[in-house]
Amino acid sequence: MITLLADEGKHGVGQKLHKELLANGADCRYISLDQVRVEPCRNCGGCTYQSYNRCVVRDDGDWIFPQVLQAGLLILVTPLVFGGYSFKVKRVLDKFGLIMDRHYFVEKGELVKGGLPDRPFRLMAVGVREGGSGAEASAFSRLIRELLIITRGAGKPFIVDPGKPAELETLELIAKEALGA
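Residues numbered from 1 in each chain as written. Predicted model: local features only at pLDDT ≥ 70, side-chain atom pairs only at ≥ 80, totals over all residues. Heavy atoms only, no water.

1. Remarks on the packing of helix H1 (residues 13-23) against helix H6 (residues 166-180)
Argument step 1. Between H1 and H6, the shortest axis-to-axis distance is 9 Å and the interhelical angle comes to 55°. Judged by the inter-axis angle, H1 sits oblique to H6. Read as a crossing pair, H1 and H6 show a hand that is right-handed. Contacts from Val 13, Lys 16, Leu 17, Glu 20 and Leu 21 of H1 reach H6 at Glu 167, Leu 171, Glu 172, Ile 174, Ala 175 and Ala 178.
Argument step 2. For the contact of H1 with H6, a count of residues per class yields 7 nonpolar, no polar and 4 charged. (Axes fitted to C-alpha atoms, helices over the stretch in contact; angles between N-to-C directions. Helix = DSSP H or I, 4+ residues; strand = E, 2+ residues; numbered from the N terminus. Parallel < 35°, antiparallel > 145°, perpendicular 65-115°, else oblique. Left-handed = near helix turned anticlockwise from the far one by under 90°. Contact = heavy atoms within 4.5 Å. Nonpolar A, V, L, I, M, F, W, Y, C, P; charged D, E, K, R; others polar.)

2. Notes on the sheet that holds strand S2 (residues 28-32)
Argument step 1. Strand order in the open sheet formed by 5 strands is S2-S1-S3-S6-S7, and the pairing between neighbours is parallel. Looking at strand neighbours, the two that pair on one side only are S2 and strand S7 (154-160), the edges of this open sheet. Sheet twist, expressed as the average angle between the axes of neighbouring strands with direction ignored, equals 15°.
Argument step 2. Sheet topology note: the strand S1 (residues 2-6)/S2 ladder contains 5 bridges and is parallel. Looking across to S2, one finds that Thr 3 is bridged to Arg 29.
Argument step 3. Most of the contacts of H1 go to S2, to which it runs at about 170°, and overall it touches S1, S2, strand S3 (73-79), strand S6 (122-128) and S7. (Pairing = 2+ DSSP bridges.)

3. Here's the deal with the environment of Glu 172
Argument step 1. Secondary-structure assignment places Glu 172 in helix H6.
Argument step 2. When its relative accessible area of 34% is taken as the criterion, Glu 172 is described as partly exposed.
Argument step 3. As for Glu 172 and Leu 17, which are separated by 155 residues in sequence, their C-alpha atoms are 7.9 Å apart. (Buried < 20%, exposed > 50% of the residue type's maximum accessible area, 1.4 Å probe, protein only.)

4. What to know about the pattern of salt bridges
Argument step 1. According to the stated counting rule, one finds 9 salt bridges in the structure shown.
Argument step 2. Lys 88 is the partner of Asp 34 in a salt bridge, and the nearest nitrogen-oxygen pair spans 3.6 Å. Placement of the pair is Asp 34 in the loop between S2 and helix H2 (46-49) and Lys 88 in helix H4 (residues 87-94), with a sequence separation of 54 residues.
Argument step 3. The class of Lys 88 is partly exposed, set by a relative accessible area of 25%.
Argument step 4. Residues joined in a network through salt bridges with shared partners are Asp 7, Asp 34 and Lys 88. (Salt bridge = Lys/Arg side-chain N within 4 Å of Asp/Glu carboxyl O.)

5. Quick notes on the nonpolar core
Argument step 1. One finds Leu 5, Leu 74, Phe 96 and Leu 123 to be the most contacted residues of the largest nonpolar core, which totals 23 residues.
Argument step 2. Sorting the residues of this core by element identifies helix H3 (61-70), S3, H4, S6 and helix H5 (134-150) as the ones contributing at least two each.
Argument step 3. Broken down by element, the residue count for this core peaks at 5 residues, all from H5.
Argument step 4. Beyond its immediate stretch of four places on either side in the chain, Leu 74 contacts Thr 3, Leu 5, Val 68, Phe 96, Phe 121, Arg 122, Leu 123 and Met 124.
Argument step 5. Val 13, Val 77, Val 160 and Ile 174 belong to the second-largest nonpolar core, a separate cluster that totals 20 residues. (Core = buried A, V, L, I, M, F, W, Y, C linked by side-chain atoms within 4.5 Å.)

Dropping the structure here:
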């Protein structure tokens, strides 16, 4: 199963990718972050010391995170914001410490989290370019690759230029890689 979390912005790239995945036979769940409320991580330690691996703050993460855990692949869709992801995506990702091991390790000279207990964390991240420079897209790609190192995950970043002829080709490529991975 694939879980697609999308901060749509004005281009609907997440919805387009969801349709492409379904058209290719994927079992795919689509979650729009436009109407959800995920509070920022407060670094209170409650998930570590009070309610092991469960955030003590009640919000929409309560129903989002089980869907992420059930997924074999998580796809994030976000507008590029200063070479990173949107604040909505950031809030969700910040709480992913809850679904990873709370312990850190050094592996190949990198500080990493323990990962999911029964399988590697699989992530594809789609940055939607809304203008900006090639440097912004490059920074996003580096950010996602570093996230994959930290989480001991597998996957890769993609950049989509909405409204350009290559947009559909890029979405088709992402769908094929998601299904073939």
